[in-house]
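# Structural characterization, general
So you can see what is in the structure, the chains are spelled out below.
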Amino acid sequence: MLRYVGLRLLSTIPVLAFVLLLAFFLLHLAPGDPAALIAGDSATPAQVEAIRAQLHLNEPLSTQLWIWLIDLAHFDLGRSVFSNLPVTQLIAQRFEPTLMLAISTTILAVLLAVPLGVIAAYRARTGIDRGVIVLAVAGYSVPVFVIGYCLIFVFAVQLHWLPVQGYKPLAEGLGGTLRSLVLPTVALALLYVGLIARVTRATMLEVLDEDYIRTARAKGALTLRVLCIHALKNAGPPIVTVIGIGFASLIGGVVVTETVFNIPGLGRLTAEAVLRRDYPLVQGMLLTFAVMLVAINLVVDLTYPLFDPRIRY
Amino acid sequence: MTAPVLQVENLGVSFGVEPNALHAVREVSFSLSAGETLCLVGESGSGKSVTALALLNLLPPRSARISASRLALEGRSLLGLGERELSHIRGKAISMIFQDPMSSLNPALTVGYQLAEAVRLHGPVSAAAARRDALAILDKVRIPDAARRLDEYPHQLSGGMRQRVMIAMALACRPRVLIADEPTTALDVTVQAQILELIGDLKADFGTAVLFITHDLGVVAEIADRVAVMYAGRIVEEGEVSQIFDDPAHGYTHGLLSTLAVANRHAQRLPEIPGSTPRILGADMGCSFAPRCAFAEPQCRTMELHMAEIAPGHVTRCRRAAIVRGAKSEAGHLAHG
């Protein structure tokens, strides 16, 4: 197990190295003088020169890479050209809302989608099954901002049950955080319910056809027990995989949801950084997402033996 | 002979919707006494497994339609029972073991869990007591080092060991009837012999009636008390094992026996019954086997046929039974021809 984790971590080195290089050369791949680009149209030659010095652009490329890597090892990703704040600090600030939203969305989506998928598979090709599929496709197809504004209108503007927008940090109390997360979570979860329910249904359909399901029934197990213990456990790996993919994309980019609900998260930070050509910040985001993705994939892989003991690490 | 434990009369199973329904099992009747082994023999597609699954209503509910004029366990009718009531019968009064022990055991659950579950589903037993029971049953089916096996998963056991676990699971509640659906087909010959011996011993211990489904006539000769030969969804001949082997009274039984390799030791090429089992759509006239039968005459295909008793306990659906019985001495000759 530990050996497997070690090997998996080793195998991520090439991927991360590639992302590192990509992030580094991002600045140099952009057409024109990076310093002039960053400084903007109205900058004086002195300002451009200052930026050039700050980014070590006068050094040879190899020296620049070396300096960049050394800084990275010290968790120094440079400073944002726009706000002049350290990139690490900016990302850290925006990390909490995104992580909390991703967690709450994943929990809600799984709680809704897995039972729906199981029921659809058990009642395959009946009205119930078709109803679930229609629901899934609808949740999938309606844009998140439409659902978002509808939810805000009903539950915040009309009923005053929940805040319209914004995010309350955990430091100010869990209650406020949860209240601020309810509407964006529901809006986003509807999207992921469709995805997870469909995979659950497809996998369960396959598993329910297996001989050991017949054995369980022949032993006298009732439907609920057959579905939840004998079938669902075997259907685990594909479901967990799609949940992991969903979680990763929730961390990576929910710009629209963050904008609709005015949540200061990573999605909006990335969008802003790209629009402002804030290259150090874009570099930092790229690395953050790459590391998160690798970590999530590792966690997903490590859950497989919990469902299927034939997989051993 | 004691009163039958299991009585089946006019069992029919069809799949799909008329007029295109597939009649997999038709007019199947048999009874099973305590401690008796009835072998259900036939080719693939003859309806053996469907018959077995229909007894416990384990066929896919939306595609299979089961009908019977009587289906009773120790006098109590099983017809029309709901899932909940049936679940008290399944695994307790009537147990089943299946052909492929690898795919029939749940790969995600430990052997101990699956065994203990069989016990706990049918009585208020504590987890610890169920585990003790599971251990005792594993010992009973002669699994060495049983305590260690409890915490292992099916994939860690050999094929024979897995089938022993299946048998242990089926016998956990000391059922009145054990339905064994080709339990040795997936095993190699030496293991096959051990499993047959085990089933025989346990049957003697518990007084369980066994419905044993197989296409292997060698196995039949070894374990059967009575034999029912199935063809195209019907039982075409039934009798004591000696009656069937020594005095076959149906063209199909005769054909089956003449294909036995032992009987044809000197043959260049093993004999076969020409053709394959038909798919039965709708009602048909006459004998389903007639097109492949060495004894058939034109009337076989058109006349309505009924079970007829030709000796005590020996029934056949063949109208040419007398000819078939007379031909037994020529079996070898026929096979060569």
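As a starting point, this report considers the structure included with it. (Residues numbered from 1 in each chain as written. Chains lettered and ligands numbered in written order. Predicted model: local features only at pLDDT ≥ 70, side-chain atom pairs only at ≥ 80, totals over all residues. Heavy atoms only, no water.)

### Side note on the overall build of chain B
Regarding its fold elements, chain B presents 13 helices and 13 strands. Relative to the 2.2 N^0.38 estimate, which gives 20 Å for 337 residues, the radius of gyration of chain B is 21 Å and therefore close to what a compact globule would have. Across its three principal directions, the C-alpha atoms of chain B cover 65 × 50 × 40 Å. Put simply, 67% of the contacts in chain B that link residues at least 6 apart link residues at least 24 apart. Split by element, the accessible area of chain B, about 14,500 Å² in all, is 53% carbon and sulfur. Positive and negative charge centroids in chain B, built from 33 and 35 side chains respectively, lie 3 Å apart. (Helix = DSSP H or I, 4+ residues; strand = E, 2+ residues; numbered from the N terminus. Rg over C-alpha atoms; globule rule 2.2 N^0.38 Å. Contact = heavy atoms within 4.5 Å. Areas by Shrake-Rupley, 256 points an atom, 1.4 Å probe, with all protein chains shown as cover. Lys, Arg positive; Asp, Glu negative; His and termini not counted. Charge placed at Lys NZ, Arg CZ, Asp CG, Glu CD.)

### Side note on the nonpolar core
Residues I94 and L138 of chain B are the most contacted members of the largest nonpolar core, which totals 103 residues. With eight residues, helix α7 (residues 159-171) of chain B is the single largest residue contributor to this core. Residues contacting L138 of chain B, with those up to four places away along its chain left out, are V111, L115, I143, A146, R149, L150, V165 and A168 of chain B. L77, L162, A187 and V254 of chain A belong to the second-largest nonpolar core, a separate cluster that totals 68 residues. (Core = buried A, V, L, I, M, F, W, Y, C linked by side-chain atoms within 4.5 Å. Buried < 20%, exposed > 50% of the residue type's maximum accessible area, 1.4 Å probe, protein only.)

### With respect to the interface of chain B and chain A
Between chain B and chain A, the residue contacts involve 30 residues of the former and 22 residues of the latter. Together, the buried faces of chain B and chain A total about 2,500 Å²; carbon and sulfur atoms form 54% of this surface. Considering only the surface of chain B that becomes buried against chain A, R62, P107 and A108 of chain B emerge as the three largest contributors, covering 20% of it. Here chain B is connected to chain A by three salt bridges. For K219 of chain A, the salt bridge goes to E117 of chain B, with nearest N and O atoms at 2.7 Å. The tally of links from chain B across to chain A stands at 14 residue pairs in polar contact (both at pLDDT 80 or more). Those elements that provide at least two residues to the side of chain B that touches chain A are α2 (83-89), β7 (94-97), α3 (101-104), α4 (111-120) and α7 of chain B. Per-element accounting of the side of chain B that touches chain A gives the leading share, four residues, to α4 of chain B. For the side of chain B that touches chain A, the class distribution of residues is 16 nonpolar, nine polar and five charged. (Buried area = accessible area lost by both parts, 1.4 Å probe. Salt bridge = Lys/Arg side-chain N within 4 Å of Asp/Glu carboxyl O. Polar contact = N/O pair within 3.5 Å; in protein donor to acceptor, adjacent residues only side chain to side chain. Nonpolar A, V, L, I, M, F, W, Y, C, P; charged D, E, K, R; others polar.)

### Side note on the packing of aromatic side chains
For any pair of aromatic rings, geometry is given as the distance between the ring centres together with the angle between the planes. All names here are of chain A. According to the stated counting rule, one finds six aromatic pairs over all chains in the structure shown. Seen from their ring centres, F24 and F25 are 5.0 Å apart, and the 75° between their planes marks the pair as edge-to-face. On the basis of relative accessible area, F24 is assigned to the buried category, the value being 4%. We classify F25 as partly exposed; its relative accessible area is 30%. Every member of this aromatic cluster is reached through a ring pair, and the members are F24, F25 and W68. (Phe/Tyr/Trp six-rings, centres within 6.5 Å; stacked < 30°, edge-to-face > 60°.)

### Observations concerning the sheet that holds strand β3 (residues 37-41) of chain B
Working definition: the strands of a sheet are paired by backbone hydrogen bonds and lie parallel or antiparallel to each other. Residues and elements named next belong to chain B. Taken together, eight strands build an open sheet; the order of strands is β7-β8-β9-β3-β10-β11-β13-β12 and the sheet is mixed. Each edge of the open sheet is held by one strand with a lone partner, namely β7 and β12 (308-311). Neighbouring strand axes in the sheet, compared pairwise and without regard to direction, differ in orientation by 20° on average. With five bridges connecting them, β3 and strand β9 (residues 209-214) associate as parallel partners. (Pairing = 2+ DSSP bridges. Axes fitted to C-alpha atoms, helices over the stretch in contact; angles between N-to-C directions.)

### Description of the pairing of strand β8 (residues 177-181) of chain B
Residues and elements named next belong to chain B. With respect to burial, β8 is a largely interior element, five of its five residues being buried. The side-chain alternation of β8 yields two buried faces, one formed by V177, I179 and D181 and the other by L178 and A180. Pairing geometry for β7 and β8, over four bridges, is parallel. Residue M96 lies in a different strand from β8, and its bridge partner there is I179. The pairing of β8 with β9 spans five bridges and is parallel. Within β9, the position partnered with V177 by the bridge is A209.

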